[in-house]
Amino acid sequence: MMLSDSPAALISFALSMDVDLVAKAVRVRVAFVERSTGRLLLGPPKSKAGRRTVGIIPILKEHTDTYVQDEPGALMFPAAKGGPMRRSGFSTRTRWVDVVKDMGLPGLHFHDLRHTGNMLAAMSGAGLKDLMARMGHDNVRAAMIYQHAVRGADQVITDAIDQQLKKYDEGDDDGSAGALAPVG
């Protein structure tokens, strides 16, 4: 059975046994999904690519030490009574709206963090396959959106070519641009 790729399902319900703080990685292998009936189901991610290992930042250790029970299968982000957090309870439990407003980011949605992470990964120079693996996608469309958004290199190259041609046209050529010549 395929399950939804909702932000709450992907991050709010990580099992502590799937988080390796030493290796700084989380293994995504299951997700809780809240169905329209209100029932929570635990199952596999919606695609084969959704099962993956993703690097995490070290600050998660502080969260784990403070909030996660020391037992196998403990949830990283549990509801008040220790069970899985429902999507509707996330904003209340975390005071999300107030926190992002206090940070000067009103209107920031939880899923925006995924987009930010993907943009930062693309800006790091990650290749298409690496972005796809990190995002848990098995087609290139979404990963290419992030790569295209950070493609400043083409503009830098274009500007450098333009500068070289201007120097050549103005007679300020120091010889570095070279003469126009046929290829081959």
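In this report, we go over the structure that sits alongside the text. (Residues numbered from 1 in each chain as written. Predicted model: local features only at pLDDT ≥ 70, side-chain atom pairs only at ≥ 80, totals over all residues. Heavy atoms only, no water.)

## A few points about helix 2 (residues 60-67)
For step 1, the next point in the chain: Along helix 2, the residues that are buried comprise Leu-60, His-63 and Thr-64. Projected down its long axis, helix 2 carries its buried residues within an arc of 100°, all on one side. When the buried face of helix 2 is taken as reference, the exposed residues oriented beyond 90 degrees from it are Glu-62, Asp-65 and Thr-66.
For step 2, the next point in the chain: Those residues of helix 2 hidden inside the fold are in contact with strand 1 (19-20). (Buried < 20%, exposed > 50% of the residue type's maximum accessible area, 1.4 Å probe, protein only. Helix = DSSP H or I, 4+ residues; strand = E, 2+ residues; numbered from the N terminus. Arc of directions from axis to C-beta. Contact = heavy atoms within 4.5 Å.)

## Here's the deal with the packing of aromatic side chains
For step 1, the next point in the chain: Inspection of the entire model under this criterion finds 3 aromatic pairs.
For step 2, the next point in the chain: Between Phe-90 and Phe-110, the aromatic rings sit 4.6 Å apart at their centres with planes inclined by 65°, giving edge-to-face as the arrangement. In this pair, Phe-90 sits in helix 3 (residues 87-94) while Phe-110 sits in the loop between helix 4 (96-102) and helix 5 (112-123), placing the two residues 20 residues apart along the sequence.
For step 3, the next point in the chain: Ring plane angle 75° and centroid distance 5.6 Å describe the contact between Trp-96 and Phe-110, whose orientation is recorded as edge-to-face. (Phe/Tyr/Trp six-rings, centres within 6.5 Å; stacked < 30°, edge-to-face > 60°.)

## As for the packing of helix 6 (residues 128-135) against helix 7 (residues 141-149)
For step 1, the next point in the chain: Across the interface, helix 6 lies against helix 7 with an axial gap of 9 Å and an inter-helix angle of 120°. As judged from the angle between their axes, helix 6 and helix 7 are oblique. For helix 6 against helix 7, the interelement crossing comes out right-handed. On helix 7, the residues that touch Leu-128, Leu-131, Met-132 and Met-135 of helix 6 are Ala-142, Ala-143, Met-144, Tyr-146 and Gln-147.
For step 2, the next point in the chain: Within the contact of helix 6 with helix 7, the residues separate by chemical class into 8 nonpolar, 1 polar and no charged. (Axes fitted to C-alpha atoms, helices over the stretch in contact; angles between N-to-C directions. Parallel < 35°, antiparallel > 145°, perpendicular 65-115°, else oblique. Left-handed = near helix turned anticlockwise from the far one by under 90°. Nonpolar A, V, L, I, M, F, W, Y, C, P; charged D, E, K, R; others polar.)

## Details of the side chain of Asp-18
For step 1, the next point in the chain: Its place among the elements puts Asp-18 in the loop between helix 1 (7-12) and strand 1.
For step 2, the next point in the chain: Separated by 2.7 Å, the side chains of Asp-18 and Arg-29 make a polar contact.
For step 3, the next point in the chain: Setting aside chain neighbours within four positions, we find Asp-18 in contact with Ala-25, Val-26, Arg-27 and Arg-29. (Polar contact = N/O pair within 3.5 Å; in protein donor to acceptor, adjacent residues only side chain to side chain.)

## Points about the sheet that holds strand 1
For step 1, the next point in the chain: Read across the open sheet, the 3 strands follow the order 1-2-5; overall the sheet is antiparallel. Edge strands, defined here as strands with exactly one partner in the open sheet, are strand 1 and strand 5 (52-55).
For step 2, the next point in the chain: Pairing of strand 1 with strand 2 (residues 25-28) involves 2 bridges; the strand directions are antiparallel. In the strand pairing of strand 2, Val-19 is matched with Val-26. (Pairing = 2+ DSSP bridges.)

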